[in-house]
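Fold and geometry: a report
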Amino acid sequence: MSELDRYDYDLPKHLIAQSPAVRRCDARLLVVDRNRKSLEHKHIRDLPELLRRDDCLVINDTRVVPARLVGRRHSTGGHWEGLFLEASSDGLWRVLCKTRGKLSPGDTVTLLDATGQEDVRLQLGANTTTGPGSHARWPPTMP
């Protein structure tokens, strides 16, 4: 099992929020009870009854970057998926990626836009050895 496989699971699109709840208090909340080993579906409005006096509530208000990349391998036409992690100061992208077969330095991937049209081409610079993912050369070339 690869490092990426640990994060790969089927999540039906209808279960993914496409926009915020109209009323923020209606946002869903998954409550994990470790003692009972149970999961319970609640709402943000239920927080006052869920929190105890000494609990610590951590709020993550970071903005999310649209980081999912979808494309095709240039050499085989096979499906390729990636998750953009960061851009380095020298213009390389660090990407956690998954495809059938093995990618090698120099391989190219053509990213697809939201309509499925070819958009940008990335060239694999190196597979990292310090963690999951690959570096892709930047700037892109247009197909």
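Structure's up top.
Let me begin by describing the structure that accompanies this report. Keep in mind that what you see is a predicted model, and the values were worked out from it rather than measured.

Quick look at the overall build of the protein chain now. Across its full length, the protein chain holds 1 helix and 8 strands. Sequence-ordered secondary structure for the protein chain, helices as α and strands as β, is β-β-α-β-β-β-β-β-β. Taking all 143 residues of the protein chain together, the buried fraction comes to 18%. Counting only contacts in the protein chain whose residues sit at least 6 apart along the sequence, the fraction spanning at least 24 positions is 31%.

This brings us to the pairing of strand β3 (residues 68-73). Two elements, β3 and strand β4 (residues 79-87), share 5 bridges in a ladder whose sense is antiparallel. Residue L69 lies in a different strand from β4, and its bridge partner there is G82. Counting the residues that bridge the hairpin from β3 to β4 gives 5 residues, and of these G77 lies at a positive phi of roughly 80°.

This next bit is on the packing of aromatic side chains. Two measures describe an aromatic ring pair: the distance that separates the ring centres and the angle between the ring planes. Under the counting rule described, the total for this entry stands at 1 aromatic pair. With a centroid separation of 5.1 Å and an interplanar angle of 75°, the aromatic rings of F84 and W93 are classed as edge-to-face. Given a relative accessible area of 24%, F84 falls into the partly exposed group. Judged by its relative accessible area of 15%, W93 falls in the buried class.

Here we come to the nonpolar core. L69, W80, W93, V95, C97, L103, V109, L111, V120, L122 and L124 together form the largest nonpolar core, which totals 11 residues. Counting residues per element, the ones that place at least two in this core are β5 (93-99), β6 (108-112) and β7 (118-127).

Moving on: the environment of H43. On the secondary structure map, H43 appears in strand β2 (residues 38-43). For the pair H43 and R28, spaced 15 residues apart in sequence, the C-alpha to C-alpha distance is 4.4 Å. For H43, the contacting residues outside a window of four places in its chain are C25, D26, A27, R28 and L29.

Tracing the backbone shows R73 in strand β3. Given the relative accessible area of 9%, R73 is considered buried. Separated by 2.8 Å, the side chain of R73 and the backbone oxygen of R100 make a polar contact. For R73, the side chain forms a polar contact with the main-chain oxygen of K102, separated by 3.4 Å. Sequence-distant contacts of R73, defined by excluding residues within four places in its chain, comprise G78, W80, T99, R100, G101, K102, L103, D107, T108 and V109.

A separate point is the pairing of β2. For a regular strand, the rule is simple: side chains alternate between the two faces of the sheet. Where strand β1 (residues 28-33) lies against β2, 6 bridges are found, and the strand directions are antiparallel. In the sheet register, L29 faces β2, and the bridge partner there is K42. Once β1 ends, the chain turns through 4 residues before running back antiparallel as β2, passing K37 with a positive phi of about 55°.

Relative to the helices and strands, H74 resides in the loop between β3 and β4. With residues up to four places along the chain from it excluded, the contact list for H74 reads T108, V109 and R121.

Reading guide: rules and limits
- Residues numbered from 1 in each chain as written.
- Predicted model: local features only at pLDDT ≥ 70, side-chain atom pairs only at ≥ 80, totals over all residues.
- Heavy atoms only, no water.
- Helix = DSSP H or I, 4+ residues; strand = E, 2+ residues; numbered from the N terminus.
- Buried < 20%, exposed > 50% of the residue type's maximum accessible area, 1.4 Å probe, protein only.
- Contact = heavy atoms within 4.5 Å.
- Pairing = 2+ DSSP bridges.
- Phe/Tyr/Trp six-rings, centres within 6.5 Å; stacked < 30°, edge-to-face > 60°.
- Core = buried A, V, L, I, M, F, W, Y, C linked by side-chain atoms within 4.5 Å.
- Polar contact = N/O pair within 3.5 Å; in protein donor to acceptor, adjacent residues only side chain to side chain.

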